[in-house]
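Each chain is listed here by its residues.
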Amino acid sequence: MPSVTQSPAWKALQAHYDAQGKTLNLRTLLADKSRFERYHATFTAPAEQHPSILLDYSKNIVSDETLALLLTLARDSHVEAHRDAMFNGSTVNITERRSVLHTALRNRSNTPVKVDGEDQMPLVNAVLAQMRATSDAIRSGKWTGYTGKAITDVVNIGIGGSDLGPVMVTEALKHYAKPGLNVHFVSNVDGTHMAETLKTLDRETTIFIVASKTFTTIETLTNAGTAKAWFLEQANDVSVLLRFIGGGGLKRGIKGCVSKFLYRI
Ligand SMILES: O=P(O)(O)OC[C@H]1O[C@H](O)[C@H](O)[C@@H](O)[C@@H]1O
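Everything numeric here is computed off the predicted structure, so don't read it as measured data.

S.K.: In this structure, what is going on with the overall build of the protein chain? I would like to understand it.
M.R.: Helices and strands together make up the secondary structure of the protein chain, namely 11 helices and 9 strands. Buried residues in the protein chain amount to 30% of all 265 residues. Nonlocal contacts in the protein chain, meaning residues at least 24 apart in sequence, comprise 57% of its contacts between residues at least 6 apart. Total accessible area on the protein chain is roughly 17100 Å²; 59% of this is exposed by carbon and sulfur atoms.

Dropping the structure here:
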């Protein structure tokens, strides 16, 4: 594949930067009172009347010409075709030779997303419903710890994307969190991270989530093993199955976790 920096669109953008871009000044750009009108976009959800998301890109150091050249570069690089391929379930993850279906997870319109001719939406909706049922059961106190006490602490064990995603969602939805239900994240394989977290927890009121796409990640498996050993110091072998929820590749799963508590991601 030819390098993007050799393309005419890139060269035109570079020439524009050398001639004018370097000296563009935000104060001068913002003096144009109609700039915001041209440099913003809004999103209105299908069921809503008013926009709920505003993207204001007027504060970027770009002129109309820069923007036009950037868009030409994006079009010439087939960004739109790549975007469409991602949304329709094509194999865009070329290293793992698979589609990336995070877009399907957010597809509330439910339009079919097909992989090898098979619509993935029923599976996505089933897992979302399963997750809703689990979180409702924990929040309402229907699911208790192994001695019957309500859950007070949830520990997410995962690293990389399997840590950052849950952390981000928890931060973003903090407002809706249930008071008294604490969430912890253990990602570091350095034993101190798990040890310091466990120090504050009660086995009778703690539940663990093991998040992993592959279930081969050594840090995650090591930390899950440590947590399991800690749990079994007091609980019995059967109850551990119910206190660990695995998220990730269904096929591999996690030792000591029944399939009912595995969530296919
Ligand atoms: O979700 P997992 O398969 O356990 O992988 C967790 C993480 O492992 C490594 O750190 C990779 O570099 C990350 O990209 C990945 O998110």
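Next, the rest of the story.
S.K.: How do you make sense of the site of the ligand when you look at a structure like this?
M.R.: Inspection of the region around the ligand gives Ile 159, Gly 160, Gly 161, Ser 162, Ser 212, Lys 213, Thr 214 and Thr 217 as its neighbouring residues. The side chain of Ser 162 places a nitrogen or oxygen atom 2.6 Å from an oxygen atom of the ligand. In the environment of the ligand, an oxygen atom lies 2.6 Å from a nitrogen or oxygen atom belonging to the side chain of Ser 212. Protein contacts shield 56% of the accessible area of the ligand, which totals 390 Å² for the unbound molecule. Looking at the shell around the ligand, its residues break down into 1 nonpolar, 6 polar and 1 charged.

S.K.: Which parts of the structure should I look at to understand the packing of helix H1 (residues 8-19) against helix H4 (residues 64-76)?
M.R.: To characterise two packed helices, one gives the angle between the axes of the helices and the distance between these axes. Two numbers describe how H1 lies on H4: the axes approach to 9 Å, and their chain directions differ by 160 degrees. Between H1 and H4, the interaxial angle falls into the category roughly antiparallel. The element H1 and its partner H4 pack so that their crossing is left-handed. Contact residues: H1 offers Ala 9, Trp 10, Ala 12, Leu 13 and His 16, while H4 offers Glu 65, Thr 66, Leu 69, Leu 70, Thr 72, Leu 73 and Asp 76.

S.K.: Can you help me understand the pairing of strand E7 (residues 206-212) in this one?
M.R.: Each regular strand shows side chains that alternate between the opposite faces of the sheet. With 6 of its 7 residues buried, E7 lies for the most part within the structure. Summarising the sheet, strand E5 (residues 153-157) and E7 pair through 5 bridges and their orientation is parallel. Residue pairing across strands places Val 155 opposite Phe 208, the latter belonging to E7.

S.K.: Quick question: what am I supposed to make of the environment of Ala 74 here?
M.R.: One can find Ala 74 in helix H4. Sequence-wise, Ala 74 and Ala 9 are 65 residues apart; in three dimensions their C-alpha atoms are separated by 8.7 Å.

S.K.: Looking at this structure, how should I read unusual backbone geometry?
M.R.: Comment: phi is negative for the bulk of residues other than glycine, and the bulk of peptide bonds are trans. Backbone geometry places Arg 97, a non-glycine residue, at a positive phi of 50 degrees. In this fold, Arg 97 is placed in the loop between helix H5 (79-87) and helix H6 (102-105).

S.K.: Any chance you could explain the nonpolar core here in plain terms?
M.R.: The nonpolar side chains of a soluble globular protein tend to be buried with one another. In terms of nonpolar packing, the biggest core is built from 11 residues, these being Val 155, Ile 157, Val 186, Met 194, Leu 198, Leu 201, Phe 208, Ala 227, Trp 230, Phe 231 and Ala 235. Of all the secondary-structure elements, those providing two or more residues to this core are E5, helix H9 (191-199) and helix H10 (218-232). Aside from chain neighbours lying at most four places away, what touches Val 186 is Val 155, Asn 156, Ile 157, Gly 158, His 193, Met 194, Thr 197 and Asn 223.

Cut-offs used in this document
Residues numbered from 1 in each chain as written. Predicted model: local features only at pLDDT ≥ 70, side-chain atom pairs only at ≥ 80, totals over all residues. Heavy atoms only, no water. Helix = DSSP H or I, 4+ residues; strand = E, 2+ residues; numbered from the N terminus. Buried < 20%, exposed > 50% of the residue type's maximum accessible area, 1.4 Å probe, protein only. Contact = heavy atoms within 4.5 Å. Areas by Shrake-Rupley, 256 points an atom, 1.4 Å probe, with all protein chains shown as cover. Near = heavy atom within 4 Å. Polar contact = N/O pair within 3.5 Å; in protein donor to acceptor, adjacent residues only side chain to side chain. Nonpolar A, V, L, I, M, F, W, Y, C, P; charged D, E, K, R; others polar. Axes fitted to C-alpha atoms, helices over the stretch in contact; angles between N-to-C directions. Parallel < 35°, antiparallel > 145°, perpendicular 65-115°, else oblique. Left-handed = near helix turned anticlockwise from the far one by under 90°. Pairing = 2+ DSSP bridges. Core = buried A, V, L, I, M, F, W, Y, C linked by side-chain atoms within 4.5 Å.

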